[in-house]
Amino acid sequence: KKKMRLSSNGKRISKSKFTSYARYIHKILPDDTRISARGMAIVNSYVHDLFERLASEAGRVAKHAEQKTISSNAMIAAVKLQLPKDFAQASMQAGAKAMNNYYEKTGGAPKKKGKKSKK
């Protein structure tokens with residue numbers, strides 16, 4: 001059995017949550033390509049930093065638009081604001097392609113809930 005770590009006042013110490021993108025990074029590498037642990041740590045750090053920057057910028061955009069949730073439009077604006085033009089365009093194309101693949105597999109785009117149109 002493992003011993004639980006206890007603080008000075010006798011309470012349990014929980015492990016900090018750590019998100020690793022290593023699984024996804026390995027998936028996009030060619031089959032014959034290997035990456036060292038240090039290289040993986042650098043790429044993982046870069047991806048984590050980029051995710052944090054995009055999420056915080058999208059949150060600011062949503063807040064500016066007086067929305068409580070981050071919409072796809074807020075994410076698009078965040079990508080355009082945070083990334084250089086060529087990277088932003090490439091990521092938009094990759095995102096659109098991924099969404100199209102998802103919709104093909106699931107049977108179409110979700111129905112929009114919103115205001116009824118006036119006739």
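As a reminder, the structure under discussion sits directly above these lines.
Predicted, not measured: the structure shown is a model, and the values here were computed from it.

## Focus on the layout of surface pockets
Estimated volume of the largest pocket: approximately 430 Å³. Listed by contribution, the elements that provide at least two residues to the lining of the largest pocket are helix H1 (22-28) and helix H2 (37-64). Tallying contributions element by element places H2 first for the lining of the largest pocket, with six residues. Of the residues that constitute the lining of the largest pocket, the class distribution is eleven nonpolar, no polar and no charged. Its volume calculated, the second largest pocket comes out at about 300 Å³. Around the second largest pocket sit Leu54, Ser72, Met75, Ile76, Val79, Leu83, Ser91, Met92, Gly95, Ala96, Ala98 and Met99, which together line it. Listed by contribution, the elements that provide at least two residues to the lining of the second largest pocket are helix H3 (72-82) and helix H4 (85-106). Take the lining of the second largest pocket: its biggest share by element is six residues, from H4.

## Description of the environment of Asn73
Note that Asn73 resides in helix H3. Taking the C-alpha atoms as reference points, Asn73 and Ala58, separated by 15 residues in sequence, lie 8.8 Å from one another.

## Topic: the pattern of salt bridges
The final tally for this structure, using the stated rule, is two salt bridges. Between Asp49 and Arg53 there is a salt bridge whose closest N-O contact spans 3.4 Å. Taken as a pair, Asp49 and Arg53 lie in helix H2 at a separation of four residues, close to a single helical turn. Judged by relative accessible area, which is 39%, Asp49 ranks as partly exposed.

## A closer look at the nonpolar core
With five residues, the main nonpolar core is built from Leu50, Leu54, Val79, Leu83 and Ala88. Residues in contact with Leu83, not counting those within four places in the same chain, are Leu50, Ala88 and Ser91.

Criteria and thresholds
- Residues numbered from 1 in each chain as written.
- Predicted model: local features only at pLDDT ≥ 70, side-chain atom pairs only at ≥ 80, totals over all residues.
- Heavy atoms only, no water.
- 1 Å grid on protein atoms, 1.4 Å probe; cavity = no way out; pocket = protein on both sides within 12 Å on 5 of 7 lines; lining within 4 Å.
- Points joined across faces, edges and corners; volume = space filled by probe spheres on them.
- Helix = DSSP H or I, 4+ residues; strand = E, 2+ residues; numbered from the N terminus.
- Nonpolar A, V, L, I, M, F, W, Y, C, P; charged D, E, K, R; others polar.
- Salt bridge = Lys/Arg side-chain N within 4 Å of Asp/Glu carboxyl O.
- Buried < 20%, exposed > 50% of the residue type's maximum accessible area, 1.4 Å probe, protein only.
- Core = buried A, V, L, I, M, F, W, Y, C linked by side-chain atoms within 4.5 Å.
- Contact = heavy atoms within 4.5 Å.

By themselves, these observations are geometric and do not establish any function.
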